[in-house]
Amino acid sequence: MANYDLQYNADLYLIVLPPPENFTGVPNWCMVRLTWDTVSGNTIEGYNIYISDSIDGVYTLINDQPILSDVGYYDYTLQTNGFTKYFKISSVNNENIEGDLSESIVCEPQTEGSISNSTIWSGNIYITGDVIIESDGFLTINAGTVVNYDEGSANISVIGEIFALGSSANFITFKNTNITLNDIESEDPIFQYCFFEDSGSKINCSDSNFEIEFCEFVNCGQVVNSNNSTFKIANSNFDNSSILASQSEIELTNLDITGSTITSELSSINTSSCNYSGSSISLDDDDIYVQNCNFTGSSIDIDSIEHYINVVITDNDFGSSALSVYSANDGNYVSATINNNFIHDSGSSPLSVIGRFGTFEFSQNIIDNCCGGNIIKFNSFRGSGSISNNFICNNITSSILIQIHYSDNGSGNIILENNVICNNDSPIIIQLMRQNYPHSATIINNTISYNQGLAIENVNSDIDLSIINSILWYNQDFIVGSADIIFSNLQTDIEGEGNISEEPNFIDYLSTNFYLDSNSPCIDSGTIDVRR
């Protein structure tokens, strides 16, 4: 506690106090702790502190009321950390008379280095180099903060904890700032209402578990780079900003993804309620679950190179988009379930599944108004599959509408059941072929009608093909190759148990309503014994 010489003011008969001694400032990132020796005596009321941008500049009072006399410190929060600040202090007596200002002290706030305690960033944070949040460090970034590195990019390496939680009205902005997460475990979002812009801003994560919500990523290139991590991203937008993952578990929910890619290997991807526009998902040896998403001018390419993979794609809208599942090597196993999707307006092959081993289920889908190569291609070495309860109509292709190709040794079976395949323009509507070993196919309860092209081709009669309870009517041509046909309505008389050749009487084929009229000869003309 400092002593002082009494100063006498002849007009006021009061004591005017000198400034306190040992006035110093200890800068942090966006806060300066100012300390001093308190002034002794019963006439001291408190202290005033002033700030300036230059040593000889104008000093502005920063406290509304005098700082209490028994307090020897003051924490001042800077709105911008990248600039040198100057401070002065004065004493105020109990009649609110202020004494002389002290000599100025200089403070240069931190712009790089380590964080090993609880630290808060607010306002404009300028980084001049790399930052490390140590294991005992805890960084909180307040809403409205802008974190910026002017040249190239700086890295914030997180070993301790970080929470960047903005608000819908005040996003946190990262410019030219990479964030590296190392062994982070958090059940709560660590980035919320954050805006990442330009190619210098990325999130790199290794051995971490975290969440991102309500964030914007714009022109960031490879914005999320993950290795052996589990993370969730929800309610966010990606614009020319992509995700790269390895050996990770990723959950993407309610995202808008434009001009971006998701590239991954040996990972699990779950994406639901997302909008993909001009974007792609490219996976190697990854499980993938796609639900309730919209794809416009986008693609999904899934390769099984060395591992078993499981593919589930349900309840999506694929507009001008394509899906490819490919198993490259012998010994791989692909399980693909593709159900309840609307696939339309594609200018290239919208669906291709090629696998040496595995199962394929394609059911309750609508494929409408697509053109280009094969609309559906199933190529398997020893797998089996089903195409059932689909509406495949109004497509144009110069190749084959539905191609089923078995190759190599082994055996497999494909079932086409309860499909409406009508009003398509293709040289061949359904083509079945095999190489070497026996395979079989069953076409049951299908309507294959009003197609411009050969209805069915069993190439070289290689497939053991059965056609049961089906309507093949008004196609350009009927069938090439052998088939066991029973209980079907055929425009051409074909010998076989229960076969008829009568107008099927669709309700309105011109409007693609291929339900049967009540007087259709097909009603009650089939068999329930399909085990033959």
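Predicted model only: the values in this text are computed from it and were never measured.

Thresholds applied
Residues numbered from 1 in each chain as written. Predicted model: local features only at pLDDT ≥ 70, side-chain atom pairs only at ≥ 80, totals over all residues. Heavy atoms only, no water. Core = buried A, V, L, I, M, F, W, Y, C linked by side-chain atoms within 4.5 Å. Buried < 20%, exposed > 50% of the residue type's maximum accessible area, 1.4 Å probe, protein only. Contact = heavy atoms within 4.5 Å. Helix = DSSP H or I, 4+ residues; strand = E, 2+ residues; numbered from the N terminus. Disulfide = S-S within 2.5 Å. 1 Å grid on protein atoms, 1.4 Å probe; cavity = no way out; pocket = protein on both sides within 12 Å on 5 of 7 lines; lining within 4 Å. Points joined across faces, edges and corners; volume = space filled by probe spheres on them. Nonpolar A, V, L, I, M, F, W, Y, C, P; charged D, E, K, R; others polar.

K.L.:
Explanation requested: the nonpolar core in the structure shown.
P.N.:
In terms of nonpolar packing, the biggest core is built from 101 residues, with Trp121, Phe174, Leu181, Phe191, Ile302 and Ile456 touching the most fellow members. With near-sequence residues (within four places) excluded, Phe191 lies in contact with Ala164, Phe174, Ile179, Leu181, Phe196, Ile203, Glu211, Ile212, Glu213 and Cys215.

K.L.:
What is the right way to look at unusual backbone geometry in this model?
P.N.:
Trans peptide bonds make up most of the peptide bonds, and negative phi angles are found at most residues other than glycine. At Asn96, a position not held by glycine, the phi torsion is positive, near 65 degrees. Among the structural elements, Asn96 can be located in the loop between β7 (85-93) and β8 (105-107). The phi angle at Tyr193 is positive, at roughly 55 degrees, despite the residue not being glycine. Here Tyr193 is to be found in the loop between β19 (185-192) and β20 (194-197).

K.L.:
Any chance you could explain the state of the cysteines here in plain terms?
P.N.:
Two cysteines form a disulfide when their sulfur atoms are joined by a covalent bond. Applying the stated criterion to the full structure yields 0 disulfides. The structure places no disulfide on Cys274, whose sulfur is separated from the nearest cysteine sulfur, that of Cys293, by 4.6 Å. Of all cysteine sulfurs, the one in Cys393 lies closest to Cys422, which takes part in no disulfide; the gap is 4.8 Å. Judged by its relative accessible area of 0%, Cys422 is buried.

K.L.:
How should the layout of surface pockets be read in this particular structure?
P.N.:
Here the idea is plain: a probe the size of a water molecule rolls over the atoms and shows the empty space left. Size it by volume and the largest pocket reaches roughly 430 Å³. Surrounding the largest pocket, 22 residues form its lining, Asn445, Thr447, Ile471, Phe514 and Leu516 being those nearest its centre. Per-class residue counts for the lining of the largest pocket are 9 nonpolar, 13 polar and no charged. In this structure, the second largest pocket spans a volume of roughly 150 Å³. Every residue lining the second largest pocket is listed: Asn28, Trp29, Cys30, Met31, Thr77, Asn117, Ser118, Thr119, Ile120 and Ser122. Tallied by class, the residues present in the lining of the second largest pocket amount to 4 nonpolar, 6 polar and no charged.

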